[in-house]
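Survey of secondary and tertiary structure
The lines below spell out each chain.
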Amino acid sequence: MGLKAISAPRIFDGNQNHTDAALVWDEEHIHTIIPISELTDDIEHQHFADALIAPGFIDIQVNGGGGVMFNNTITPQGIDTICSAHRKHGTAYLLPTLISSTPENIQLALNATEQGMSDQIAGLLGVHLEGPWLNKDKKGAHDPNLFYAPSVEDLNQFTWPSQGKVLVTAAVENIEPSALNWMKAQNFTLSCGHSNAKASQLTEEKLSYVDGFTHLFNAMSPFEGREPGVVGTALNTDSAWCSIITDNIHVHPQSFLLAHKAKPQGKMLIVTDAMATVGSEKGYFELDGEVIRVVDNKLVNSRGSLAGAHIGMDESVANVIEWGISEDEALKMASTYPAQALQCEKLGELKSGFRASATVLDQDYRSQAVLVDGKLY
Ligand SMILES: [Zn+2]
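Residues numbered from 1 in each chain as written. Predicted model: local features only at pLDDT ≥ 70, side-chain atom pairs only at ≥ 80, totals over all residues. Heavy atoms only, no water.

**As for the pairing of strand S10 (residues 126-130)**
The element S10 is largely enclosed, with a buried count of 5 among its 5 residues. Here 3 bridges tie strand S9 (residues 91-99) to S10, and the two strands are oriented parallel to one another. Considered in S10, the bridge of Leu98 is made with Leu129. Assessed by its sense of winding, the connection that carries the chain from S9 through helix H2 (residues 103-118) to S10 is right-handed. As paired elements, S10 and strand S11 (residues 165-170) share 5 bridges and run parallel to each other. Bridge pairing in S11 places Leu129 opposite Val168. (Buried < 20%, exposed > 50% of the residue type's maximum accessible area, 1.4 Å probe, protein only. Helix = DSSP H or I, 4+ residues; strand = E, 2+ residues; numbered from the N terminus. Pairing = 2+ DSSP bridges. Right-handed = clockwise from strand over helix to strand, strands pointing away.)

Shown next, in the form of C-alpha cells:
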C-alpha cells in the first residue's frame, strides 16, 4: 500500500498550526505532516482549498443520527447508520449512547458494540450507557420507572464487551462504593450525571471513582452559594472532566465561559447528545413510546422537556469559537480532550504513528470531509 495525503492551507495538529501543509498516512496510521511543496508524485493526494484540517472529532455522547435512535435499533447496522450520519458533521469517532432502558436492551447494546468492534464499523469507539442508574429527581427525558441502583451482582449479570471503551453515566450518590469500584476495576470510564447529589454526598471516596461529569449544568443539582450541588463539585474537582452541550440551547454561553474558566485546561469537552434527527430529513422520533420533535431547533417531548440536541460536532465547535474560545482550544475540546477522557491512545492529535483520523473544515467550520482509520469520507 502506498502513501496517501490530504492537504490544506492550514493544519492544526492538536498542538501547533502548519501552513500549506499535507497530512500523509500509510494505511491506517499517520506518517507525517509536510509542506505541500514536498509531496512526491507517488503519494495519492487530495487538496482542500480554503480549508482547515484538524484532529478527527470524537463525540462521547450520541443517542442517534440519520433517522435512527440507538435505543430503538440496537444493532451493529443501527450503529453504522449513526456513525455515518455524524461523519457529515465532522465526527470521526463516537460512542453510541443508550438512554436508560431495560436490562435486556442493555445486553443488546453491549452485544451490538462487541459485534460492531469485531466488524470494524468505521467510527465506533465503544458504548456509553446513560443510565438506568440515575436519580429520579433529575430524570430529564429518561423513563424513571427503569431506574435502579445496581449491585455488583446486577452488574456481573451482563456480558460486557471485550473490545472498545465503556462509558457509564450514573448518579453516584445512589450507588454503593462496591459497585463503583467494580466498574473501575473493569476499566470503565465513570461519569456522574442525572444526579441530584448535595456536595456532601459526593464524598472523597465517591469522587475517587468519578472520571467526569455528564452534560454539565443539565440534569444535575445546581450551583448555589450555600450548596455547591453537582455543578459546583464538578467545577471544583480538577481531576474530573466535564462534558458540555454547546448548542446555545442547553447552556447559556456565559455559563459555558464561566465553567471553561473554572476548569483546568483539558478538562472541558464538547458532546452533542444528538438524537435521530441529526443528519436526517425526519424532524421527529419515538423514545419509550413518546414522540419527540424538533421545535425551533429544540428537541422537546410532550411535556416540553428538552430531550437531547439537534446539532452536529462541527456546529458545536463553531458556536464556542463564536462565544470567544480560541480556535485551537475549541478543536481540542472536540478531539484531543475527549480522547484523553476515554484514555484512547493514538487519537486526538495528528502525530506520527497515531490513527489516521482527521476532520476537514471550511472557513465557517462546516465539515468538508472526515478521515477515519485511513479512509476518507
Ligand atoms: Zn442526559
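**Here's the deal with the nonpolar core**
Residues Ile60, Trp133, Trp160, Phe213, Leu216 and Phe256 are the most contacted members of the largest nonpolar core, which totals 93 residues. Not counting chain neighbours up to four residues away, the residues in contact with Phe256 comprise Phe217, Ile244, Thr246, Val251, Met268, Val320, Trp323, Ile325 and Met333. Listed in part, the 18 residues of the second largest apolar core include Ile30, Leu350, Phe354 and Leu371. (Core = buried A, V, L, I, M, F, W, Y, C linked by side-chain atoms within 4.5 Å. Contact = heavy atoms within 4.5 Å.)

**With respect to the UniProt feature "active site" (unreviewed entry) in the chain**
The positions UniProt marks with the feature "active site" (unreviewed entry) are Asp273. With relative accessibility at 7%, the residue Asp273 sits in the buried group. Beyond its immediate chain neighbours, meaning those up to four positions away, Asp273 contacts Gln61, Asn63, His215, Ile245, Gly308 and Ala309. Here Asn63 takes part through its side chain, which lies 2.7 Å from a polar atom of the side chain of Asp273. (UniProt positions renumbered as here; feature names shortened; annotations may be inferred. Polar contact = N/O pair within 3.5 Å; in protein donor to acceptor, adjacent residues only side chain to side chain.)

**Details of the state of the cysteines**
In this structure the tally under the stated criterion is 0 disulfides. In this structure Cys344 is not part of a disulfide, and its nearest cysteine sulfur, from Cys83, lies 13 Å away. (Disulfide = S-S within 2.5 Å.)

**Some words on the coordination of the zinc ion**
Surrounding the zinc ion are the protein donor atoms Glu130 (OE), His194 (NE2) and His215 (NE2), at 2.0 to 2.2 Å. Considered as a linear motif, the donors of the zinc ion on their single chain read E-x63-H-x20-H. Residue Glu130 is found in strand S10, and its partner His215 is found in the loop between strand S13 (212-213) and helix H6 (229-236); the two are separated by 85 residues along the sequence. (Donors = N, O, S within 2.8 Å, 3.2 Å for Na, K, Ca; no water.)

**Observations concerning the UniProt feature "domain: Amidohydrolase-related" (unreviewed entry) in the chain**
Taking the numbering used here, the UniProt-annotated feature "domain: Amidohydrolase-related" (unreviewed entry) corresponds to residues 53-375. Helix makes up 28% of residues 53-375 and strand 22%, with an end-to-end C-alpha separation of 15 Å.

**What to know about the pattern of salt bridges**
For the structure shown, the criterion picks out 6 salt bridges. Taking the shortest distance from any N to any O, the salt bridge between Glu327 and Arg10 comes out at 2.8 Å. Placement of the pair is Glu327 in helix H9 (residues 327-333) and Arg10 in strand S1 (residues 3-12), with a sequence separation of 317 residues. Of the charged contacts, one joins Arg303 and Glu290 as a salt bridge, the two residues approaching to 3.6 Å between their closest N and O atoms. In this pair, Arg303 is assigned in the loop between strand S18 (298-300) and helix H8 (313-322) and Glu290 in strand S17 (residues 290-295), connecting sequence segments 13 residues apart. (Salt bridge = Lys/Arg side-chain N within 4 Å of Asp/Glu carboxyl O.)

**A closer look at the packing of aromatic side chains**
Taken as a whole and judged by the stated rule, the model has 6 aromatic pairs. On the numbers, 5.7 Å between centres and 75° between planes, the contact of Phe158 with Trp160 is edge-to-face. Here Trp160 falls in the buried class, since its relative accessible area comes to 16%. Centre to centre, the rings of Trp160 and Trp182 are 6.2 Å apart; their planes meet at 55°, and the pair counts as tilted. Residue Trp160 is located in the loop between helix H3 (152-156) and S11, and its partner Trp182 is located in helix H4 (residues 177-185); the two are separated by 22 residues in the primary sequence. With respect to class, Trp160 is no different from Trp182; both count as buried. Following the ring pairs from residue to residue traces out a cluster consisting of Phe158, Trp160, Trp182 and Phe188. (Phe/Tyr/Trp six-rings, centres within 6.5 Å; stacked < 30°, edge-to-face > 60°.)

**Structural notes on helix H1 (residues 76-87)**
In a regular helix each residue adds 1.5 Å, so 12 residues correspond to 16 Å; H1 covers 17 Å between its end C-alpha atoms and thus fits that length. Looking at the buried side of H1, the elements it contacts are strand S6 (57-62), strand S7 (64-65), strand S8 (68-69), S9, H2 and strand S20 (367-372). (Expected span 1.5 Å × (residues − 1).)

**A word on the pairing of S11**
With 5 of 6 residues buried, S11 lies mostly within the body of the structure. The pairing of S11 with strand S12 (residues 189-192) spans 4 bridges and is classified as parallel. Residue Val168 lies in a different strand from S12, and its bridge partner there is Leu190. Chirality of the crossover, the property in question, places the unit of S11, H4 and S12 among those that are right-handed.

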